[in-house]
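# Analysis of the macromolecular model
One-letter residues, chain by chain:
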Amino acid sequence: MVEGIRIGIKGLDSVFTKAFPPGNCILLNSPPMAEISIFGLQYLYEGLKRGEPGVYITLDDSPESLRLKALKFGWPLINAERMGLMRWIDVYSIHANKDVKSTESIIRIDGPVALTDLSIAISQVQAGFHKISGVYRFFFDSLSTQLLYNSPNTVYRFLQVITSKLKMSNGVGFFTLRPAMHDTKVNMTIRHLMNGSITLNEDFELSVDSLPVVGDTRFGKLLLTRQGFIFT
Amino acid sequence: MINIRFDKSMIFWAEPGVNAEVFIYEAIINELKNNGKANLVITNKKTSTLLLNAKSFGYNLSKYAGKQLKIINTYENNQLSYDEPLIINELSPLIDKDEYGFVSMLKQLLSKTRIITAFTAWPYDNQLLRKLSSAFNNKIYLNNVYTPIGVKNYYSIVVNGLLKHYQYKTTSNGLVNVNNRIIITGPKGSGKSTLIRELSERYNTIDYLSSNFGIDYGVVEFKGNRIELFGTPGESFEQLVNLLGVDSTKVVVLANNSLSKAEEMINKSLNLGFETIIASDNPNINISDVEVVKLSDKKQLLSKLI
């Protein structure tokens with residue numbers, strides 16, 4: 001029996017409880033430009049400190065710059081990468097014409113249209129994590145970029161398969177979406193495919209739309225400090 | 001090498017997460033070998049990426065590109081020409097472009113030329129999947145099976161009306177079938193070494209890594225299939241599982257004596273995700289959903305191992 005995970009971001013346990021159940025995909029709605037990647041890095045780093053593996057699937061930035069961003073907040077990821085605990089799936093760099101290749105910890109995908117390759121990469125990472133832990137974290141940033149390059153129906157089919165794989169393999173984490181970029185039908189269908197949804201507005205005010213657990217609070221504010229986010 | 005003939009139109013029907021593209025590399029090499037030239041349609045990545053991926057699996061397609069291998073890249077150029085025959089690395093991006101008109105376009109194309117394609121079976125509309133499936137007489141299904149010891153890859157083909165499953169793996173030298181590698185285990189004194197000696201054409205005891213355990217090892221050819229038998233040292237098969245990993249295909253548990261111990265070992269094997277066979281002449285052995293084969297009937301036992 002796999003126990004629930006602690007999100008780890010200070011104060012946020014009051015929203016997600018101290019034992020958030022694995023096998024859940026949460027939609028994280030946020031405005032464009034919000035430093036949502038910092039939230040993702042912090043979420044994964046908190047898991048790594050507890051020995052929980054994590055994968056960051058990035059469509060909007062390179063792993064190298066995200067790694068540097070994490071370091072600025074005091075979250076060194078490189079040791080976890082060497083131990084196979086931290087993996088990246090990079091859907092950004094090759095598409096942005098960077099001359100890069102896959103490494104031990106980074107799987108590079110040609111671009112947001114290569115959904116088959118993305119599903120293969122996710123399966124590879126899952127199989128690796130399965131050997132070292134009963135639970136793992138993921139952060140997928142962002143569905144909005146995927147929707148820019150694929151039709152909504154293509155993205156729904158992809159999500160239908162991927163979310164069920166993530167749930168079945170005890171993954172727990174976030175898919176990010178910038179709802180202002182899409183129409184209501186798209187936003188609602190994606191929300192329907194998830195287990196829960198939270199929304200951040202431009203002032204970093206967080207509200208719970210729905211979650212599979214009932215926490216002590218449903219509203220609050222995320223403050224970005226030099227040590228990352230704290231929730232008040 | 002794998003046992004697939006690429007001389008007809010065919011579709012590699014893969015569940016999402018399975019790398020069907022490796023089969024396409026194999027098809028290209030086969031085509032180049034038999035016809036001297038091939039046309040590759042790339043739908044979801046840059047040509048350089050595909051050539052690099054192919055090389056990592058031991059398929060050096062770069063040396064043929066632009067010569068015997070003509071490459072049409074719809075991902076980079078958005079153009080599809082209909083030279084024949086066509087090898088398509090992934091069908092789903094083409095379907096996504098025109099979900100409703102795609103199958104009729106494909107059928108027209110199939111009436112003119114031979115097509116070999118990989119297809120990731122995303123949850124498309126059932127009607128579309130049925131039409132797509134019926135467009136190809138030759139379908140090869142690709143699946144991953146997750147077991148506690150790792151991921152096993154299978155391709156499945158209809159042979160004489162029955163779906164037959166073959167385990168395969170990808171290596172830096174291309175696709176290979178995983179041979180019939182059988183773990184033979186059982187309680188102390190159940191006759192593991194004797195059975196392997198009796199079944200094998202060649203027999204040996206391997207002192208694995210000059211260490212603390214010896215493995216009975218035998219090889220036998222049966223109906224054109226090579227079967228490798230590995231006997232566990234004593235009652236524990238952890239070392240063998242670690243040694244063979246997902247390359248072991250089945251476990252045979254000898255259950256003539258110490259039935260409670262044998263039952264424990266059968267459950268252990270099932271929990272590790274192995275296809276498990278009981279070999280026993282004891283009429284009292286009966287475990288639901290596990291096949292019992294007469295230990296004295298060596299031919300029947302061998303036929304269950306392939």
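Residues numbered from 1 in each chain as written. Chains lettered and ligands numbered in written order. Predicted model: local features only at pLDDT ≥ 70, side-chain atom pairs only at ≥ 80, totals over all residues. Heavy atoms only, no water.

## Brief notes about the environment of Ile57 of chain A
Residue and element names in this part refer to chain A. Rule in force here: Going along the chain from the N terminus, every DSSP run of H or I of four or more residues is numbered as a helix, and every run of E of two or more is numbered as a strand. Only protein chains enter the accessibility calculation, which uses a 1.4 Å probe; a residue whose area is less than 20% of its type maximum is buried, one above 50% is exposed, and one in between is partly exposed. Whether two residues are in contact is decided by their heavy atoms, any of which lying within 4.5 Å being enough.
Tracing the backbone shows Ile57 in strand 2 (residues 54-58). Of the residues examined, Ile57 reaches a relative accessible area of 3% and is grouped as buried. In this structure, the C-alpha to C-alpha distance between Ile57 and Val213, residues 156 residues apart in sequence, is 25 Å. If near-sequence neighbours (up to four positions away) are discounted, Ile57 is found in contact with Ile89, Val91, Leu118, Ile122, Phe139, Phe140 and Asp141.

## Here we look at the environment of Phe229 of chain A
Residue and element names in this part refer to chain A. Secondary-structure assignment places Phe229 in strand 10 (residues 228-231). Accessibility expressed as a relative area gives 2% for Phe229, which makes it buried. Between the C-alpha atom of Phe229 and that of Ile9, which follows or precedes it by 220 residues, the distance is 6.7 Å. When residues no more than four places from it in sequence are discounted, the contact partners of Phe229 are Ile9, Lys10, Glu35, Ile38, Phe39, Gln42, Phe204, Leu222, Leu223 and Leu224.

## Notes on the interface of chain A and chain B
For the record, the criterion: Throughout, the accessible surface (probe 1.4 Å) given up by two parts as they are put together, summed over both, is called the buried area. Take a side-chain nitrogen of Lys or Arg and a carboxyl oxygen of Asp or Glu: if they are within 4 Å of each other, that pair is a salt bridge. For the purposes of these results, a polar contact is taken to be a pair of N or O atoms within 3.5 Å, where, inside protein, one atom must be able to donate a hydrogen and its partner to accept one; residues adjacent in sequence count only when each atom of the pair is a side-chain atom. Under the convention adopted here, Pro, Cys and the residues Ala, Val, Leu, Ile, Met, Phe, Trp and Tyr are nonpolar, Asp, Glu, Lys and Arg are charged, and Gly plus all remaining residues are polar.
Contacts between the two partners involve 23 residues from chain A and, on the opposite side, 23 residues from chain B. Buried surface at the junction of chain A and chain B, both sides included, amounts to about 1,900 Å², of which 54% is carbon and sulfur. By the criterion of area lost to chain B, the three top residues of chain A are Asp110, Thr116 and Arg157 of chain A, representing 32% of everything that side buries. A salt bridge links Asp117 of chain A to Lys45 of chain B, with the nearest nitrogen and oxygen atoms 2.8 Å apart. Where chain A packs against chain B, one counts 10 residue pairs in polar contact (both at pLDDT 80 or more). Those elements giving two or more residues to the side of chain A that touches chain B turn out to be helix 5 (115-132) and helix 7 (152-168) of chain A. Looking at which element gives the most residues to the side of chain A that touches chain B, the answer is helix 5 of chain A, with eight residues. A class-by-class count of the residues in the side of chain A that touches chain B yields eight nonpolar, 10 polar and five charged.

## Focus: the pairing of strand 10 of chain A
All names here are of chain A. Put simply, the rule is: Criterion used throughout: strands pair if DSSP finds at least two bridges between them.
As paired strands, strand 9 (residues 219-225) and strand 10 are joined by four bridges and run antiparallel to one another. Looking at strand 10, one finds that Leu222 is bridged to Phe231. If you look at the hairpin formed by strand 9 and strand 10, you'll find two residues sitting between the two strands.

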